[in-house]
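Secondary and tertiary structure notes
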Amino acid sequence: MIALPQPRPARRWEIPDHLLTIEEYAALGETDSGFTELVEGRVLMSPSPIADHNIVMFELGQQLAGQLPSHLRVLPETDVNLNLAPAGNPGFSRRPDLLIVERAGIARVRRDGAMLRADEVAVVVEIVSPGSKRTDYHVKHDEYADAGIPHYWIVDITEPISLVACHQAGEFGYVDASAVTGTFTTDVPFPVKIDLDALLD
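Residues numbered from 1 in each chain as written. Predicted model: local features only at pLDDT ≥ 70, side-chain atom pairs only at ≥ 80, totals over all residues. Heavy atoms only, no water.

1. A look at the overall build of the chain
The helix and strand tally for the chain stands at four helices and 14 strands. Taken over the C-alpha atoms alone, the chain extends approximately 45 × 35 × 30 Å along its principal axes. A burial count over the chain gives 46% of its 201 residues as buried. Counted over contacts in the chain with a minimum sequence separation of 6, partners at least 24 positions apart contribute 55%. Total accessible area computed for the chain in this model is approximately 10,300 Å², and 54% of it derives from carbon and sulfur atoms. One finds the centroid of the 16 positive side-chain charges in the chain at a distance of 6 Å from the centroid of its 30 negative side-chain charges. (Helix = DSSP H or I, 4+ residues; strand = E, 2+ residues; numbered from the N terminus. Buried < 20%, exposed > 50% of the residue type's maximum accessible area, 1.4 Å probe, protein only. Contact = heavy atoms within 4.5 Å. Areas by Shrake-Rupley, 256 points an atom, 1.4 Å probe, with all protein chains shown as cover. Lys, Arg positive; Asp, Glu negative; His and termini not counted. Charge placed at Lys NZ, Arg CZ, Asp CG, Glu CD.)

So this is what it looks like as structure tokens:
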């Protein structure tokens with residue numbers, strides 16, 4: 001069972017007239033449609049994803065949930081503070097398609113009402129749609145690496161569905177493995193086997 005994130009309360013939006021800190025962004029609440037992210041203090045609005053994107057996200061989450069060690073949990077579409085700016089400065093928050101996070105981080109969010117932090121994320125997953133290729137393969141790739149997230153998986157839903165596993169390599173950022181089709185198997189950061197062909201059956 002995938003744990004659903006606690007939604008921010010919905011409200012009608014007004015476009016901010018200044019660059020936002022993480023705290024100001026978190027206080028905005030949800031939009032009426034689509035979702036938002038924060039990049040260098042600027043609010044980016046995105047439309048809701050296409051059906052195939054959501055099917056793959058759900059199926060992948062289901063496959064992962066049954067294979068995770070007990071200290072980790074999979075979450076869909078949850079805000080993460082990337083901690084790329086000092087407190088009080090224009091901030092960075094992304095909402096990845098899937099996150100594999102420490103249960104202790106979820107407990108902290110419940111207790112404090114705060115946002116998940118990058119250092120509580122083991123794996124971040126983005127599902128590539130036709131309109132997000134450059135952002136997912138390049139922009140978010142660099143941001144997640146700079147944030148110190150150990151693993152980034154890029155799932156491209158163009159047939160055949162493929163997965164690129166990226167892992168931290170110190171000062172060099174992410175090292176990207178070759179794209180895998182069919183079955184993705186790895187032992188890091190935990191043993192997992194993903195049937196990619198079954199994600200969009």
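2. Re the side chain of E37
Looking at the element boundaries, E37 is found in strand β1 (residues 35-39). Reaching out from E37, the side chain makes a polar contact with the side chain of K140 at a distance of 3.4 Å. If near-sequence neighbours (up to four positions away) are discounted, E37 is found in contact with Y25, R42, V43, L44, S93, R94, R95 and K140. (Polar contact = N/O pair within 3.5 Å; in protein donor to acceptor, adjacent residues only side chain to side chain.)

3. Things to note about the packing of aromatic side chains
Under the defined criterion, the tally for this structure stands at four aromatic pairs. Judged by centre distance (5.3 Å) and plane angle (70°), the rings of W153 and F184 are edge-to-face. Here W153 is found in strand β9 (residues 151-156), whereas its partner F184 is found in strand β13 (residues 183-186), with 31 residues between them in sequence. Accessibility assignment for this pair places W153 and F184 in one class, buried. (Phe/Tyr/Trp six-rings, centres within 6.5 Å; stacked < 30°, edge-to-face > 60°.)

4. Some remarks on the pattern of salt bridges
Taken as a whole and judged by the stated rule, the model has ten salt bridges. The closest approach of N and O atoms between K140 and E37, which form a salt bridge, is 3.4 Å. In this pair, K140 is assigned in helix α4 (residues 133-146) and E37 in strand β1, connecting sequence segments 103 residues apart. Like E37, K140 is buried. Overlapping salt bridges bring together E37, R94, E126, K140 and E143 as one network. (Salt bridge = Lys/Arg side-chain N within 4 Å of Asp/Glu carboxyl O.)

5. Section: the nonpolar core
With 25 residues, the main nonpolar core has L64, I100, W153, V155 and I194 as its most contacted residues. If you list the elements that add at least two residues to this core, you get α2 (51-65), β3 (72-76), β6 (98-102), β8 (121-128), β9, β10 (162-168) and β14 (192-195). With near-sequence residues (within four places) excluded, V155 lies in contact with V56, L60, V125, E126, I127, V128, I161, S162, L163 and L199. By size, the runner-up hydrophobic cluster in this structure holds 22 residues, among which are V80, A147, I149 and C166. (Core = buried A, V, L, I, M, F, W, Y, C linked by side-chain atoms within 4.5 Å.)

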